[in-house]
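Coordinate inspection notes
The residues making up each chain are set out below.
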Amino acid sequence: MSNKKHKKVVLAILSNAGGSGKTTLATHLAYELARCKVGHHPCSVGLLDLDPQGSLSLFCGLEKPSTAEKSISSVLSDDFSGDWPLVPCWTEFGLKVEVGQSLQQPLLKTADDLVNHPRGPYLLADNLQDYPLTHDVIIIDCPATLGRLNLAALAASTHILIPIQLEPKSASGAAELLQFYFIECRRLRLEPYPQIMGIVPNQYRSDQAIHNEILEQLPTIIRQLQLPDAYCYPTIRFSYEFSNASGAGLPLHLYRKKHPACKDFAKLASDLTALVGAK
Ligand SMILES: Nc1ncnc2c1ncn2[C@@H]1O[C@H](COP(=O)(O)OP(=O)(O)OP(=O)(O)O)[C@@H](O)[C@H]1O
Ligand SMILES: [Mg+2]
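In this report, we go over the structure that sits alongside the text. (Residues numbered from 1 in each chain as written. Chains lettered and ligands numbered in written order. Predicted model: local features only at pLDDT ≥ 70, side-chain atom pairs only at ≥ 80, totals over all residues.)

A word on helix 6 (residues 170-187). End to end, helix 6 covers 25 Å across 18 residues, agreeing with the expected 26 Å (1.5 Å per residue, within 8%). Looking only at helix 6, the buried set comprises S170, A174, L177, L178 and Y181. All buried residues of helix 6 fall inside an arc of 100° around its axis, so they share one side. With respect to the buried face of helix 6, the exposed residues turned more than 90 degrees away are S172, E176, I183, R186 and R187. The secondary structure elements touched by the buried residues of helix 6 are strand 8 (159-165), strand 9 (195-202) and helix 7 (209-224). In the segment just after helix 6, R189 is the residue with positive phi, at about 55°. (Helix = DSSP H or I, 4+ residues; strand = E, 2+ residues; numbered from the N terminus. Expected span 1.5 Å × (residues − 1). Buried ≥ 20, exposed ≤ 12 C-beta atoms within 10 Å, placed from the backbone. Arc of directions from axis to C-beta. Contact = placed C-beta atoms within 7 Å.)

On to the sheet that holds strand 5 (residues 86-89). Spatially, the seven strands line up as an open sheet ordered 5-6-4-7-1-8-9, and their pairing is mixed. At either end of the open sheet lies a strand with only one pairing partner, and these are strand 5 and strand 9. For this sheet the average axis-to-axis angle between neighbouring strands, irrespective of direction, equals 25°. (Pairing = 2+ DSSP bridges. Axes fitted to C-alpha atoms, helices over the stretch in contact; angles between N-to-C directions.)

Most often, soluble globular proteins have nonpolar side chains that are buried together. I13, A30, L124, I139, I140, A152 and A153 are the most contacted members of the largest nonpolar core, which totals 79 residues. Apart from residues no more than four positions distant in its own chain, I140 is found in contact with V10, L11, A12, I13, L48, L50, A153, A156 and S157. (Core = buried A, V, L, I, M, F, W, Y, C linked by C-beta atoms within 7 Å.)

Okay, structure coming up:
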């Protein structure tokens, strides 16, 4: 049985579609939060990479960790004693963002080991409770497969955001994801269930008829998915500059300060900062 006592916002970016924008959202929201203040202090953000692909390191401009001990898989082991393997990023901009990086092979092995571990799905939640991070908010970048690592993310999170691409398969993909969410939250006896903050349509091109069509259908789809609390966020437009920015290890805001797509995160950022108590 899980007993999540920590009240800190732990936001999991979850989607069963590869390339939908999970890592992009994780890094950009980390930036949006880190530039705010909690009381008189800069908001500090912990970014955890639960995806064996480890693209969060690239998006944050970090080298991959040199050993498994320095990667997030160490947190999901029985030997973990509270020494979180976190590396700061974007320090030259005065931001307090720390990253728990993933290394492919150790994290894949960890995911396998979770299957036979009696607390498998709860290990991350347990360690966040037993060895609390000091950050004001934690963001978890999740893999696109709905497996053990995502169960760990689900059990550890207080909130969930779902990025989607505006493609015909997105509705069925979101339905599968929601099925996973409801079944697993119930099986894991999560109390309360992490709150689904909403769906974020990403890579929107206004000149694509199909994008506009699906966008129009989204409120109906969300209702059909029986998501009373879910909210469809404003679209994040398509721009090649997102790839360029992530290649440079930066959020778009630090790469092209005046790029119009920076404003696309405004509503998400304001909801999140309110949640975290940041200004
Ligand atoms: N709004 C956007 N416009 C254009 N390109 C984007 C946008 N958002 C993300 N991308 C690019 O699309 C690719 C996939 O994005 P991202 O890595 O964030 O998705 P993901 O869901 O984390 O993928 P994966 O499932 O592989 O982890 C990246 O190259 C990223 O730079
Ligand atoms: Mg990713």
